[in-house]
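Structural overview for review
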Amino acid sequence: MDFSIRASTLEDCKDIARMILELAEYEKVLDQVKVTQKELEQDGFIKNPFFHGIVAEVPEQHRTKEGHAKVGYALYFYTYSSWKGRALYMEDLYVMPEFRGKGIGKALMSKVAQLGLAAGCTQLNFAVLDWNKPSLDFYLSQGCFDVTADMGYHCMRCEGAALEQLAQGDT
Amino acid sequence: MNFKVRAARKEDCKDISRMIMELAVYEKMPDQVKISHEELERDGFSPNPFYECLIAEVPDEHKTKDGYTIVGYVLYFYTYSTWKGRSVYMEDLYVMPDFRGKGIGKGLMAKVAQVGVEKQCVRLQLSVLDWNKPSLDFYVAKGAEDLTAKEGWHFLRFDGQSLDTLAKEAPKD
């Protein structure tokens, strides 16, 4: 199946928001999504954007029954390793179920890697849930390694009241 | 002990580089450090910086025997959660051993949280090595949750050859 990959524009935020919800549903956390189309527009298209996006589009004859031509996306941002320098983090990679198995996910991920290398990055990092075997298998088959399993790094987070208290110096 | 937390300046990169190496030694991976103060200067002080950094400074009378007054740092950058929005990631938090237990680490981390909250960030994230109990305890005491243990999140990475190979397979524009 023919498809094209391009940088996302402001107009794509509606479809990206739609697909973010589809991905959250797959990850069983639909109620967790608070980001809206408007926030994506605000945060992705300012002078120092918080993220960058690429979308996968299919020709008109392959649109979904609801009429969607944008069938996948990857959302990423630049990060920094104090040991290795510039790096990339891929926050989301998603392809609508009926468009899987056609190389679209791989193409999106490869494009992110290419953009990262062009910007001088030496790492592409991302996170996967340990029960998500299809995704883990896909990523490992592409040659990445599991930093948590191999090196012992755990992801930690402060949010909500804990973050507020920390910011106020109250902990 | 009196200390001050302030935004790092380009001239501080030599001290930051020194402390990055000290932290890598503590984490038992000094051979992994590939960047120097030059990359820090280039990447942290451009119009669209890759990171921000705060340093902790003590007055002259408390300087180390090697003459350092910059005794801690925190290096962080902004990230994005497609579920929750703007977030901040704390890449490094370090205080020289002789200056621990005086509230400097907490001061640096609280300042990052404050900066993040001012920018409407809703999360502060970081990672810790599973054997690093003092640090794990410190962060949990500050209200951090271990998402790897609690929710099963794993970090995955492409670098070196695997990253080059992946990039070569990108579709032509």
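A few words now on the overall build of chain A. Within chain A, the regular secondary structure consists of 6 helices and 7 strands. In sequence order, chain A lays out its α and β elements as β-α-α-β-β-β-α-β-α-β-α-β-α. Relative to the compact-globule value of 16 Å for 171 residues, chain A shows a C-alpha radius of gyration of 17 Å, a close match. Over its C-alpha atoms, taken along the principal directions, chain A stretches across nearly 60 × 35 × 35 Å.

All names here are of chain B. Helix length check: helix α3 (residues 104-118), at 15 residues, gives a terminal C-alpha distance of 21 Å against a target of 21 Å (1.5 Å per residue), a fit within 8%. Within the span of α3, buried status applies to Ile104, Gly105, Leu108, Met109, Ala110, Val112, Ala113, Val115 and Gly116. Taken from the residues just after α3, Gln120 is the one with a positive phi, measuring 65 degrees.

This paragraph deals with the sheet that holds strand β6 (residues 145-146) of chain A. One open sheet accounts for 7 strands, arranged β1(A)-β2(A)-β3(A)-β4(A)-β5(A)-β7(B)-β6(A); its pairing is mixed. Here the strands that pair on one side only, and so sit at the sheet edges, are β1 (4-7) and β6 of chain A. Here helix α1 (residues 13-26) of chain A sits on the sheet and contacts β2 (52-57), β3 (70-81) and β4 (85-95) of chain A; the angle it forms with β3 of chain A, its principal contact strand, is near 85 degrees. Where helix α3 (residues 104-118) of chain A meets the sheet, its contacts fall on β1, β2, β3, β4 and β5 (123-129) of chain A together with β7 (153-159) of chain B, and the angle it forms with β4 of chain A comes to roughly 160 degrees.

Before going further, it helps to spend a moment on the packing of aromatic side chains. Taken as a whole and judged by the stated rule, the model has 18 aromatic pairs over all chains. Arranged with centres 6.2 Å apart and planes meeting at 85 degrees, the rings of Tyr76 of chain A and Tyr78 of chain A form a pair that is edge-to-face. Note on Tyr76 of chain A: relative accessible area 6%, which makes it buried. Geometrically, the ring pair formed by Phe126 of chain A and Phe158 of chain B is stacked, given 5.9 Å between the ring centres and 25 degrees between the ring planes. Taken together, the positions of Phe126 of chain A in strand β5 and Phe158 of chain B in strand β7 put the pair across two chains. This pair shows no difference in class: Phe126 of chain A is buried, exactly as Phe158 of chain B is. The ring of Tyr68 of chain B carries Arg18 of chain B above its face, with NZ or CZ at 3.7 Å from the centroid. Over the ring of Trp131 of chain B we find Lys28 of chain B; its NZ or CZ atom is 4.1 Å from the centre of that ring.

In this section: the interface of chain B and chain A. The partner chain A presents 77 residues to the 76 residues of chain B that form the contact. The three residues of chain B that bury the most area against chain A are Tyr80, Trp83 and Leu156 of chain B, which together make up 13% of that side's buried surface. Applying the counting rule to chain B against chain A returns 4 salt bridges. In this structure, Asp43 of chain A and Arg86 of chain B form a salt bridge, with 2.8 Å as the shortest nitrogen-oxygen distance.

With that settled, the discussion passes to the packing of helix α6 (residues 160-167) of chain A against α3 of chain B. The geometry of α6 of chain A relative to α3 of chain B is characterised by a closest axis approach of 7 Å and an angle of 115 degrees between their N-to-C directions. Taken together, the axes of α6 of chain A and α3 of chain B are roughly perpendicular relative to one another. Read as a crossing pair, α6 of chain A and α3 of chain B show a hand that is left-handed. Residues Leu163, Glu164, Leu166 and Ala167 of chain A of α6 of chain A form the contact with α3 of chain B, whose own contacting residues are Met109, Ala110, Ala113, Gln114 and Val117 of chain B.

As a further point, take the packing of α3 of chain A against helix α6 (residues 160-168) of chain B. Helix packing geometry: the angle between the two helix axes and the distance between the axes. At a minimum axis distance of 7 Å, the contact between α3 of chain A and α6 of chain B shows a crossing angle of 115 degrees. Our pair here, α3 of chain A against α6 of chain B, has a crossing hand that is left-handed. Contacts between α3 of chain A and α6 of chain B involve Lys106, Met109, Ser110, Ala113, Gln114 and Leu117 of chain A on the former and, on the latter, Leu163, Asp164, Leu166 and Ala167 of chain B. Taken together, the residues of the contact of α3 of chain A with α6 of chain B break down into 6 nonpolar, 2 polar and 2 charged.

It is worth spelling out the environment of Gln161 of chain B at this point. All names here are of chain B. Summarising the element assignment, Gln161 is placed in helix α6. For Gln161, a relative accessible area of 57% corresponds to the exposed category. Separated by 61 residues in sequence, Gln161 and Arg100 have C-alpha atoms that sit 39 Å apart.

Within the secondary structure layout, Arg157 of chain A lies in strand β7 (residues 153-159). Of note is the side chain of Arg157 of chain A, whose polar atom sits 2.6 Å from the side chain of Gln125 of chain B. If near-sequence neighbours (up to four positions away) are discounted, Arg157 of chain A is found in contact with Arg123, Leu124, Gln125, Gly143, Ala144, Glu145 and Leu147 of chain B.

For the rest of this paragraph, the subject is the pattern of salt bridges. Residue and element names in this part refer to chain A. In the structure shown here, the tally under the stated rule is 23 salt bridges over all chains. In this structure, the salt-bridge partner of Asp12 is Lys70, at a minimum N-O distance of 2.7 Å. With Asp12 in the loop between β1 and α1 and Lys70 in strand β3, the pair connects residues that are 58 residues apart, well separated along the chain. Across the pair, exposure class does not vary: Asp12 and Lys70 are buried alike. We note a salt bridge from Arg157 to Glu159, for which the minimum N-O separation is 3.8 Å. Classification of Arg157 as buried rests on a relative accessible area of 10%. One network of salt bridges, in which partners are shared, links Arg6, Asp12, Asp15, Arg18, Glu22, Glu57 and Lys70.

Criteria and thresholds
Residues numbered from 1 in each chain as written. Chains lettered and ligands numbered in written order. Predicted model: local features only at pLDDT ≥ 70, side-chain atom pairs only at ≥ 80, totals over all residues. Heavy atoms only, no water. Helix = DSSP H or I, 4+ residues; strand = E, 2+ residues; numbered from the N terminus. Rg over C-alpha atoms; globule rule 2.2 N^0.38 Å. Expected span 1.5 Å × (residues − 1). Buried < 20%, exposed > 50% of the residue type's maximum accessible area, 1.4 Å probe, protein only. Pairing = 2+ DSSP bridges. Contact = heavy atoms within 4.5 Å. Axes fitted to C-alpha atoms, helices over the stretch in contact; angles between N-to-C directions. Phe/Tyr/Trp six-rings, centres within 6.5 Å; stacked < 30°, edge-to-face > 60°. Lys NZ or Arg CZ within 6 Å of the ring centre and 35° of its normal. Buried area = accessible area lost by both parts, 1.4 Å probe. Salt bridge = Lys/Arg side-chain N within 4 Å of Asp/Glu carboxyl O. Parallel < 35°, antiparallel > 145°, perpendicular 65-115°, else oblique. Left-handed = near helix turned anticlockwise from the far one by under 90°. Nonpolar A, V, L, I, M, F, W, Y, C, P; charged D, E, K, R; others polar. Polar contact = N/O pair within 3.5 Å; in protein donor to acceptor, adjacent residues only side chain to side chain.

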